[in-house]
Amino acid sequence: MTFVMVFAGKLVYNSSKGGMLMQSIALTAAARAALGRYGLDARTLTGCRVQQYQPGETVLRQGDDAAYFHIVLDGAAKVCVNARNGRHLILCYYASSGVLGDVELMLPSPKTTNTVIAVSAFSCAAVPLRENRDALLGNLAFVSRIGQELAQKLLRSSDAHMISALYTSRERLCAYILTTQRGGVFREYLTDAAQSVGVSYRQAQRIMQSLCALGVLQKVDSGFQILDMPQLQALSCQGEATA
C-alpha cells in the first residue's frame, strides 16, 4: 500500500519512495518555457507541476503505473532497468535536458519501463498523463518532437549494443567514468559501473587500479579524482557514443 501525505499543495511524504521528500510546486517560468519547446501550453493542460527531487531519491520506479510525462529542467538522474535476477543495468544519464515517459505515453496501458534515480538535485515539469493523454497525442507539434526524441534513443541504444560487442572492457569502463563523473570526480558505486559495462566487480577493480597506476585516476574519499582527462578520453570509446 502506498501512503501519500500532502501539505499546502506540496507532496512531503510518499511511502512508495521510501519516505524521501519530493517537492511539488507551481509551474515556474522555466517550466513553462520548457513546455513551450515541446509545443505545449500549460493553459491548455490540467494539473501541470514542477517536481523537485533530492540526490538518491527515486523519480520513477520500474513496473509502477506511469502517472506523468516529465520534461527535465535541471540536475542529473540515472536511468536503470531491473532484471528478474535482481541485477540492474544503468542505461543512460539525463543532465538538465531530455524527457521521461515518452515510451509510456505511446503505450495503451502504460507501466513505467525503467527506474529513474536523482543523482543530484533534480527538477522536472510533470504533466499528468491520465488527464492530458488525448491533448498530448492530439498535438502534432508535440508528437513530432517526441518522435524525434524516440528516434535519438533508438540510435543511442544501437550505439550501446555496438560498444558492448566491439570495445574492450577498459574502453567501456573509461567511457562510463566520463559519462557519470561530476566535477572531475567519479562517485558511482563500482558494482553499478561493473554491471553497466558488462564486467565482473573484480575485473572493474583491476581496471580502476591500472588507471590509478597510469596517473589517470586517483583514489580519494569521495570516489576517484580524474587527474588526466585527455588520457581518459583517449582510453575510452566515448568518441563513438556515450552510455
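In this report, the structure presented in the accompanying data block is examined. Since the model is a prediction, treat every value here as computed from it, not as a measurement. (Residues numbered from 1 in each chain as written. Predicted model: local features only at pLDDT ≥ 70, side-chain atom pairs only at ≥ 80, totals over all residues. Heavy atoms only, no water.)

Topic: the overall build of the protein
A tally of helices and strands in the protein yields eight helices and 14 strands. Relative to its 243 residues, the protein shows a buried fraction of 42%. Put simply, the protein shows about 12700 Å² of open surface, and 53% of that area lies on carbon and sulfur atoms. (Helix = DSSP H or I, 4+ residues; strand = E, 2+ residues; numbered from the N terminus. Buried < 20%, exposed > 50% of the residue type's maximum accessible area, 1.4 Å probe, protein only. Areas by Shrake-Rupley, 256 points an atom, 1.4 Å probe, with all protein chains shown as cover.)

Examining helix H7 (residues 201–213)
Under the 1.5 Å per step criterion, the end-to-end length of H7 is 18 Å for 13 residues, consistent within 8% with the ideal 18 Å. All of the buried residues along H7 are Ala 204, Ile 207, Met 208 and Leu 211. With its buried residues spanning 100 degrees around the axis, H7 presents them on a single face. Residues of H7 that are exposed and point more than 90 degrees away from the buried face comprise Arg 202, Arg 206, Gln 209 and Ala 213. For H7, the elements touching its buried residues are helix H5 (169–180), strand E12 (185–186), helix H6 (190–197), strand E13 (217–220), strand E14 (223–226) and helix H8 (229–235). Trailing H7 by a residue or two, Gly 215 shows a phi angle of about 80 degrees, which is positive. (Expected span 1.5 Å × (residues − 1). Arc of directions from axis to C-beta. Contact = heavy atoms within 4.5 Å.)

Considerations on the packing of H5 against H7
Running from N to C, H5 and H7 point in directions that differ by 75 degrees, and their axes come no closer than 10 Å. With respect to each other, H5 and H7 are oriented roughly perpendicular. Residue-level inspection shows Ser 169, Arg 170, Leu 173, Cys 174 and Ile 177 of H5 in contact with H7, the latter providing Gln 203, Ala 204, Ile 207, Met 208 and Leu 211. Across the contact of H5 with H7, the residue classes tally to seven nonpolar, two polar and one charged. (Axes fitted to C-alpha atoms, helices over the stretch in contact; angles between N-to-C directions. Parallel < 35°, antiparallel > 145°, perpendicular 65-115°, else oblique. Nonpolar A, V, L, I, M, F, W, Y, C, P; charged D, E, K, R; others polar.)

Some remarks on the sheet that holds E13
Strands sit in the order E12-E14-E13 across an open sheet of three strands; the sheet is antiparallel. Across the chains shown, the open sheet's two edge strands, defined by having one partner strand only, are E12 and E13. Of the strand pairs in this sheet, E12 and E14 are connected by two bridges, and their pairing is antiparallel. Within E14, the position partnered with Phe 186 by the bridge is Phe 224. Running over the sheet, H7 touches E12, E13 and E14 and is turned about 110 degrees from E13. (Pairing = 2+ DSSP bridges.)

Looking at the packing of aromatic side chains
One pair of aromatic rings is described through two measures. These are the centre distance and the angle between the planes. Summed over the entire model, instances satisfying the criterion amount to two aromatic pairs. Ring geometry for Phe 69 against Phe 142: centres 5.3 Å apart, planes inclined by 80 degrees, an arrangement best described as edge-to-face. Placement of the pair is Phe 69 in strand E6 (residues 68–74) and Phe 142 in helix H4 (residues 140–166), with a sequence separation of 73 residues. Ring plane angle 75 degrees and centroid distance 6.1 Å describe the contact between Tyr 176 and Phe 186, whose orientation is recorded as edge-to-face. One end of the pair, Tyr 176, is in helix H5; the other, Phe 186, is in strand E12, with 10 residues separating them in the sequence. Taking relative accessible area as the criterion, Tyr 176 reaches 2% and is therefore assigned buried. The class of Phe 186 is buried, set by a relative accessible area of 1%. Above the face of the Tyr 38 ring, Arg 145 is positioned so that its terminal group lies 4.1 Å from the ring centre. Sitting over the ring of Phe 224, Lys 219 keeps its end group 5.3 Å from the ring centre. (Phe/Tyr/Trp six-rings, centres within 6.5 Å; stacked < 30°, edge-to-face > 60°. Lys NZ or Arg CZ within 6 Å of the ring centre and 35° of its normal.)

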